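A look at the structure
This is what each chain is made of:
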Amino acid sequence: DWGAVLAIKGDWAGAAAKYQKAIELRPRDALFRANYARVLTKLGQSEESIKQLETAYQLNPKDRIILSALSGKCIEAGNFDSAINLLEQATFLFPQSAQMQDKLSYAYARAGNYNQSLAHAREALKLDPKLVSAKINLGSALLVKGNCEEANKAYKEGTELDPKNADAHFLLASTLE
C-alpha cells in the first residue's frame, strides 16, 4: 500500500492523499481508515483522525489495532469511560494480550479506579513479566494505595528491565524520598 510506503518515508501529506484515494475506492476498508487516522495524527489533525478511527471501529469492531488506537485517542481526550469500554472489549477478544491488559490498567488509573488498575497491571505481568509499562502501572497503583515498599520494588524491576526508562527511574526516586 503506497500510503504506508510514503508514511515510512515521512511523507505524511503524500500518505494522506494516498489513503484518501484508497478510502474513496474502498470506503468500507477499516485498515485504510485506521492507517489514514495515524497519518492525520502526524499531520496534527486530531479531530479528523478520531472520526476515521470511529468509522474504522464501526466497520471492524474486533480489530486489535483499531481498538488500541481508538482507546488511546479516548485516553488522550480524557474520555476514560469510553477507553475502558473499548479496552474491556479488547481484553475479552484478546485475553493473552499483555499490552491490552496494561493499557486497561493505565485507563483505570487515569479514571481514578486504582483497584482495577492494580488488577489489570498484575494480569499484564502474568502474561508478560518483562513488560516495563505494566511494572510502572503496578507501581503507581500500589503507591496510590499506600504500599510504598511494593511500589518501589515494581519501579526498581522496571529500571532493571529497561535501564533507559526515564519514567521508571523518576518514579523509583519518588518512592525513596
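Keep in mind that what you see is a predicted model, and the values were worked out from it rather than measured.

Looking at the side chain of Gln101
Following the sequence through the fold, Gln101 ends up in helix 7 (residues 98–110). A residue is classified by how much of its surface remains accessible, and Gln101, at 7% relative accessible area, is buried.

A few points about the pattern of salt bridges
Tallying each qualifying case throughout the model produces seven salt bridges. Residues Glu24 and Lys21 are paired through a salt bridge, measuring 4.0 Å at the closest nitrogen-oxygen approach. Here Glu24 pairs with Lys21, and both are found in helix 2 (residues 12–25), just three residues apart, close to one helical turn. Of the residues examined, Glu24 reaches a relative accessible area of 59% and is grouped as exposed. With its nearest N and O atoms 3.7 Å apart, the salt bridge here joins Glu150 to Arg122. Here Arg122 lies in helix 8 (residues 114–127) and Glu150 lies in helix 10 (residues 148–161), a separation of 28 residues in the sequence. Exposure remark for Arg122: the relative accessible area of 38% places this residue in the partly exposed category. The structure contains a network of salt bridges with shared partners spanning Lys135, Lys153 and Glu157.

A closer look at the packing of helix 9 (residues 132–144) against helix 11 (residues 166–176)
As a packed pair, helix 9 and helix 11 sit with axes 11 Å apart at the nearest point and diverge in direction by 25 degrees. Considering the angle they form, helix 9 stands roughly parallel to helix 11. Two packed elements cross with a definite hand, and for helix 9 against helix 11 that hand is left-handed. Between helix 9 and helix 11, the residues in contact are Ile136, Ser140 and Leu143 and Asp167, Ala168, Leu171, Ser174 and Thr175, respectively. Its residues assigned to classes, the contact of helix 9 with helix 11 shows four nonpolar, three polar and one charged.

Concerning the environment of Leu142
Among the structural elements, Leu142 can be located in helix 9. In this structure Leu142 comes out as buried when scored by relative accessible area, which is 4%. Residues Leu142 and Arg28, 114 residues apart in the sequence, show an inter-C-alpha distance of 44 Å. Sequence-distant contacts of Leu142, defined by excluding residues within four places in its chain, comprise Leu118, Arg122, Asn147, Glu150 and Ala151.

Observations concerning the environment of Tyr108
Within the fold, Tyr108 resides in helix 7. Overall, Tyr108 belongs to the buried group, its relative accessible area being 11%. In this view, Tyr108 contacts Ile84, Glu88, Asn113, Gln116, Ser117 and His120; residues no more than four positions away in its chain are not counted.

What to know about the side chain of Lys135
With respect to the helices and strands, the residue Lys135 is situated in helix 9. Engagement of the side chain of Lys135 in a polar contact is seen with the side chain of Glu157, the distance being 2.5 Å. Non-local contacts of Lys135, meaning those with residues more than four positions away in its chain, are made with Leu125, Pro129, Ala154, Tyr155, Glu157, Gly158 and Leu161.

Describing helix 4 (residues 46–59)
If you check helix 4, its first and last C-alpha atoms are 20 Å apart, about what 14 residues at 1.5 Å a residue would give, namely 20 Å. Here helix 4 has its buried residues at Ser49, Gln52, Leu53 and Ala56. The arc that holds the buried residues of helix 4, viewed along the axis, is 100 degrees, so those residues lie on one side. Relative to its buried face, helix 4 has exposed residues pointing more than 90 degrees away, namely Glu47 and Gln58. Residues of helix 4 that are buried make contact with helix 2, helix 3 (30–42) and helix 5 (64–76).

Reading guide: rules and limits
Residues numbered from 1 in each chain as written. Predicted model: local features only at pLDDT ≥ 70, side-chain atom pairs only at ≥ 80, totals over all residues. Heavy atoms only, no water. Helix = DSSP H or I, 4+ residues; strand = E, 2+ residues; numbered from the N terminus. Buried < 20%, exposed > 50% of the residue type's maximum accessible area, 1.4 Å probe, protein only. Salt bridge = Lys/Arg side-chain N within 4 Å of Asp/Glu carboxyl O. Axes fitted to C-alpha atoms, helices over the stretch in contact; angles between N-to-C directions. Parallel < 35°, antiparallel > 145°, perpendicular 65-115°, else oblique. Left-handed = near helix turned anticlockwise from the far one by under 90°. Contact = heavy atoms within 4.5 Å. Nonpolar A, V, L, I, M, F, W, Y, C, P; charged D, E, K, R; others polar. Polar contact = N/O pair within 3.5 Å; in protein donor to acceptor, adjacent residues only side chain to side chain. Expected span 1.5 Å × (residues − 1). Arc of directions from axis to C-beta.

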